[in-house]
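Okay, here's what each chain looks like letter by letter:
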Amino acid sequence: MAKITETVLRDAHQSLVATRMRTEEMLPIVEKLDNIGYHSLEAWGGATFDSCIRFLNEDPWDRLRQIKAVAKKTPLQMLLRAQNLLGYKHYADDVVEYFVQKAIANGMDIIRIFDAVNDPRNIETAIKACIKEGGHAQACVCFTTSPVHSLELFRQDAKTLENMGAHSICIKDMAGLLKPYEAFDLVTAIKSTVKIPVQLHTHYTSGVGSMTYLKAIEAGVDVVDCAISSLALGTSQPATEPLVATLQGTKYDTGLDLAKLSEISEYFMPMRERWIENGMLDTKVMGVDVNALIYQVPGGMLSNLVSQLKESNALDKFQEVLNEVPRVRKDFGYVPLVTPTSQIVGTQAVFNVLMGERYKMVTKESKGIVKGEYGKTPAPISPEFTKQILGDEKPITCRPADLIEPELKKIEAQISEYITQPEDVLTYALLPQVAEKFFKLRKEGKLTPFVEPKPKTASVAAPGANEQEIAIAIAAALSAFENENGGSRKYEVKSVKQMSPWVLAGRVGR
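Read on for a plain summary of the structure.

Cut-off values and rules
- Residues numbered from 1 in each chain as written.
- Predicted model: local features only at pLDDT ≥ 70, side-chain atom pairs only at ≥ 80, totals over all residues.
- Heavy atoms only, no water.
- Salt bridge = Lys/Arg side-chain N within 4 Å of Asp/Glu carboxyl O.
- Helix = DSSP H or I, 4+ residues; strand = E, 2+ residues; numbered from the N terminus.
- Buried < 20%, exposed > 50% of the residue type's maximum accessible area, 1.4 Å probe, protein only.
- Axes fitted to C-alpha atoms, helices over the stretch in contact; angles between N-to-C directions.
- Parallel < 35°, antiparallel > 145°, perpendicular 65-115°, else oblique.
- Left-handed = near helix turned anticlockwise from the far one by under 90°.
- Contact = heavy atoms within 4.5 Å.

**Some points on the pattern of salt bridges**
- Evaluation of the coordinates by the stated rule reveals 30 salt bridges.
- Of the charged contacts in the structure, one is a salt bridge between E124 and K128, with a shortest N-O distance of 3.3 Å. Placement of both E124 and K128 in helix α6 (residues 124-132) is noted, with a separation of four residues, approximately one turn of the helix.
- For D331, the salt bridge goes to R358, with nearest N and O atoms at 2.9 Å. Taken together, the residues D331 in helix α14 (residues 318-331) and R358 in the loop between α15 (341-354) and α16 (364-371) connect sequence positions 27 residues apart.
- Among the residues examined, D331 registers a relative accessible area of 19% and is labelled buried.
- Three or more residues are tied together by salt bridges with common partners; here these are R22, E24, E25, R274 and E452.

**Quick word on the packing of helix α7 (residues 151-163) against helix α8 (residues 180-191)**
- Closest axis-to-axis distance for the α7/α8 pair is 9 Å, and the angle between their directions is 40°. Taken together, the axes of α7 and α8 lie oblique to each other. Seen along the crossing, α7 lies across α8 with a hand that is right-handed. Residues L151, F154, R155 and A158 of α7 form the contact with α8, whose participating residues are D185, L186, A189 and I190.

These values are about where atoms sit, not about what they do.
Next up, the structure:
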């Protein structure tokens, strides 16, 4: 039997609308989600922590507690960036240990732990802390392709994580690059190496996700990550219901009820429609991006490169930058392209092209990769390149967190005036500037709910015009509106009397 982790409360809306679903929108459906029979509900971690306090004016710890109060049957699951936790740098071990302790104390059951460069040393502290607190520690192998990444390397990584005490392994395909037959071979290799369960996570960006899951299931994968259909596909996960239907009556039958899943999909559909209308959900992210497979670059990284080149008025250099990305990645030891390494490699590639000379300008983050601040890279970085980037500085060879002094007591002293719960110390540790602003507003009673942007509207005035002139005016106004606001939108025509169907055909009302 294949099992499914439902991502709608975390990765689905993170991937589609930058993690803007509010807790109050989640709670009414949690009981039905809890009764489906999922392996787990991914409901926390990733970017949700940052988004809660930066944009939604919500306490992420309170979100976790509220969801757990309703979801009494299904384990809750979160994504943790290993020594980075839910922030953007490495933290001291005492912060990592305390965070894991509090996450589990507040209701978390399964902690999925990944490291951007697949350095197991960065994962070990979080695994041990999770085990100590009685949680399920799921350790990740980030999938990528390069001359040094092979089935044997992924097998070794998985075995190392099992030996550290991981309760299960997740193959994390963050860019949607894992193709179906590759998935079959990879799952087969890892299943033959470890004795613990294996889970597969992918995105639908490249369009192969559902086929990849099917072959992985045939190879014996234990769990796959899906999103309910109304918030699936595109940059989100493969859809839950089609996979459930496909497996019905086979030895892989999930046992999940399609009728009940349909009720859940219907609940989220108005959100999807609203997000499309107000522009939060760009329909472009719902399609297939074949470039993800051609260039082995995540869809989000591609859009970021376009944005950077537009700002520099150098969009004509796009192909040149795409060609430079794999060269930079090779220089950097073939790091997987996942946050934050994808942004670092992409930005450096842009600089290399725009400056007309490779590494004439080196970002602080690029220097950090070469120095070893992010951990050990999959392939060694050449001594010549290291010398070019670091000069006389010596690279770090130890685990990066070994160089960080304990931080908790110092942080607690810094924000003592704002603390209303022990978890506030961790919120500040991860996102100090954003957290302090949040704490001040909370103390002053000025936290206001997140307000979504209103749908943009266009007015067409054609007094006394005949039917054909009105149609021409509407078509012209909508064309201008689309050009200004980036693509098609849903339109509503008001106060137009006796308009025949041909006037409304095509663009209006679609």
